Amino acid sequence: MGFELVLYALLFIIWLIFVYGVYKLIWYVVKMFAFKRYIKDIGRHDITVEPQREFSDIIFGKKGPADYIITAGNKKYEVSVLSFASTHGRWNIEKTRTSFYIECRRASRVFKAKHVNSSLPDHVIEYKGESRVSRKELFITPINDSFDKQIFLIYPYPAQLTYTDAHYNRLYSGDTVEGHVIMNVEDFDNLLFDGKQ
C-alpha cells in the first residue's frame, strides 16, 4: 500500500512537470508570434525593417548575429534578438578568455537556502542556488560605426539579467555589453518612435 502511494505521488509529480512544460511551450510560442507581429507592425510606419536571418533562427539558431537592420528616419540600428523560453530566472552573459556565452538559469527551490549563512559572496550564493536551463555561445557582431546603435533586444525580458567577466554586474535596459546596448521592447519602441506612437 505504501509503495503504491509513493508511485502515485511520483506519477502525479511527473504529470505536473509535463503539464507545466506544455504550458511554457505554448506561452513561448504565443510570445514569439506576438514579437513577429510587432516587428511586422514596425514596418508599417515610416521605418524600414530588413531581416538578416530567418525568424526561426532567433529561437533555434546562433545567439547574437544580427537579426534585423532597422532604419528610422536618418538613424540606423543593428538589432540582435536574444530569447529564451524561461524568464523567471536569470540570464547571464559570460565573457571567457576566448569567447562569450549566454545562459538561462533558474533558481532551484530545493537548494535555495543551502548557502544562506555562508561567507561566500552574494553572486556565488546566487549561482550555486541555480540550475542551468540552457547555455549557448554568444556571437557578438563587430562594432560598426555605420549604425547609430547596435542593440541586443532581450525578449521576453527575464527577471534578472547579468554580465560576468572579471566582475559580476547586473544589467538593465540601456546598459551596454561590448558596445551593444541592452534593450527591452518598451525602450526599443520608445527609441524608434521617440516616445510617441
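A quick note: this is a predicted structure, and the numbers were derived from the prediction, not measured. Within every chain, residues take consecutive numbers counted from 1 along the sequence as written. The model is predicted, so local features are restricted to residues of pLDDT at least 70 and side-chain atom pairs to those at 80 or more, both for listing and for counting; the totals for chains, interfaces and linings are taken over all residues. Water and hydrogen atoms were dropped before computing side-chain values, which therefore reflect all heavy atoms in the structure.

Trainee: Looking at this structure, I do not really get the overall build of the protein chain. What am I missing?
Mentor: Per the secondary structure count, the protein chain includes four helices and 11 strands. Using a 1.4 Å probe on the protein chains alone, a residue whose accessible area is under 20% of its type maximum counts as buried, one over 50% counts as exposed, and one in between counts as partly exposed. When each of the 197 residues of the protein chain is scored for burial, the buried share is 39%. Pairs of residues are marked as contacts when any of their non-hydrogen atoms sit within 4.5 Å. Taking as baseline every contact in the protein chain between residues at least 6 positions apart, the subset at least 24 positions apart corresponds to 60%. Note on areas: Shrake-Rupley, 1.4 Å probe, and residue coverage restricted to the protein chains presented here. Accessible surface, the protein chain: about 12,300 Å² in total, of which carbon and sulfur atoms supply 57%. A run of H or I in DSSP becomes a helix once it reaches four residues, and a run of E becomes a strand once it reaches two; helices and strands are each numbered from the N terminus.

Trainee: Just to check I follow, could you spell out the nonpolar core for this structure?
Mentor: Note that soluble globular proteins tend to have their nonpolar side chains buried in a common cluster. The nonpolar core is taken to be a set of buried Ala, Val, Leu, Ile, Met, Phe, Trp, Tyr and Cys residues, with the residues joined through side-chain atoms within 4.5 Å. If you look at the biggest cluster of nonpolar residues, it comprises 24 residues, and the most contacted ones within it are F35, Y68, V79, L153, F188 and L192. Secondary-structure elements contributing two or more residues to this core are helix 1 (2-42), strand 2 (68-72), strand 3 (75-82), strand 7 (149-154), strand 11 (180-183) and helix 4 (185-193). Of all the elements, helix 1 adds the most residues to this core, at six residues. Listed in part, the 15 residues of the second largest apolar core include F84, F100, I102 and I154.

Trainee: Sorry if this is basic, but what is going on with the packing of aromatic side chains here?
Mentor: Aromatic pairing here means that ring centres of Phe, Tyr or Trp (its six-membered ring) are within 6.5 Å. Orientation follows from the plane angle: under 30 degrees is stacked, over 60 is edge-to-face, and everything else is tilted. One pass over the full model with this rule turns up six aromatic pairs. Through a chain of ring-to-ring contacts, three or more aromatic side chains come together here, namely F35, Y38, F55 and Y155. The ring of W27 carries the charged tip of K24 above its face, separated from the ring centre by 4.0 Å. Cation placement over rings: the criterion is NZ of Lys or CZ of Arg within 6 Å of the ring centroid and within 35° of the ring normal. The positively charged end of R135 is found above the aromatic ring belonging to Y101, 4.2 Å away from the centroid.

Trainee: Mind showing me how you'd approach the sheet that holds strand 10 (residues 176-177) here?
Mentor: Picture the strands of a sheet paired through backbone hydrogen bonds; they go either parallel or antiparallel. Read from one edge to the other, the open sheet built from six strands follows the order 1-2-3-7-11-10, with strand pairing classed as mixed. A single partner strand is all that each edge strand has here, and the edge strands are strand 1 (47-51) and strand 10. Note: two strands are recorded as paired if DSSP finds a minimum of 2 bridges between them. Bridge count for strand 2 against strand 3 is five bridges, and the pairing is antiparallel. Bridging from a neighbouring strand, I70 pairs with Y77 of strand 3. Helix axes use the C-alpha atoms of the stretch in contact, all axes being lines fitted to C-alpha atoms, and the angles between their N-to-C directions lie in the range 0 to 180 degrees. Across the sheet, helix 4 lies against strand 1, strand 2, strand 3, strand 7 and strand 11, angled at about 145° from strand 7, the strand it touches most.

Trainee: Looking at this model, I keep getting lost on helix 1. Mind explaining?
Mentor: Along an α-helix, residues three or four positions apart point the same way, because every turn accommodates 3.6 residues. Expected span of a helix: the number of residues minus one, times 1.5 Å. Counted at 1.5 Å a residue, the expected span for helix 1 with its 41 residues is 60 Å, and the 60 Å between its end C-alpha atoms agrees. Inspection of helix 1 places K24, Y28, M32, F35, Y38, I39 and I42 among the buried residues, and these make up the whole buried set.

Trainee: Would you mind going over the side chain of E103 with me for this structure?
Mentor: Tracing the sequence through the fold places E103 in strand 5 (residues 100-107). We classify E103 as buried; its relative accessible area is 2%. In protein, a polar contact means a hydrogen-donor-capable atom and an acceptor-capable atom, both N or O and within 3.5 Å, with residues adjacent in sequence counting only if both atoms are side-chain atoms; elsewhere, any N or O pair within 3.5 Å suffices. Side-chain polar atoms of E103 contact the side chain of R105, separated by 3.5 Å. Within the local environment of E103, its side chain forms a polar contact with the side chain of R132, the two groups lying 3.0 Å apart.

Trainee: I'm lost on a nonpolar patch on the surface in this one. Help?
Mentor: A patch consists of residues whose relative accessible area exceeds 30% and which take part in no salt bridge; residues with like charges are grouped when within 9 Å of each other, and nonpolar side chains (Val, Leu, Ile, Met, Phe, Trp, Tyr) when within 5 Å. Salt bridge criterion: a side-chain nitrogen from Lys or Arg within 4 Å of a carboxyl oxygen from Asp or Glu. On the surface, a nonpolar cluster with roughly 980 Å² of combined accessible area is contributed by F12, I13, W15, L16, I17, F18, V19, V22, I26 and V30. Take I26: its relative accessible area is 51%, and that puts it in the exposed class.

Trainee: What is the right way to read the sheet that holds strand 6 (residues 130-138) from this model?
Mentor: Reading across the sheet, the five strands line up as 6-5-4-8-9 and stay open at both edges, with mixed pairing between neighbours. Each of the sheet's edge strands pairs with one partner strand only, and the pair in question is strand 6 and strand 9 (168-170). The sheet shows a mean angle of 25° between the axes of neighbouring strands, taken without regard to direction. Sheet topology note: the strand 8 (residues 160-164)/strand 9 ladder contains three bridges and is antiparallel. Residue pairing across strands places Y163 opposite N169, the latter belonging to strand 9.

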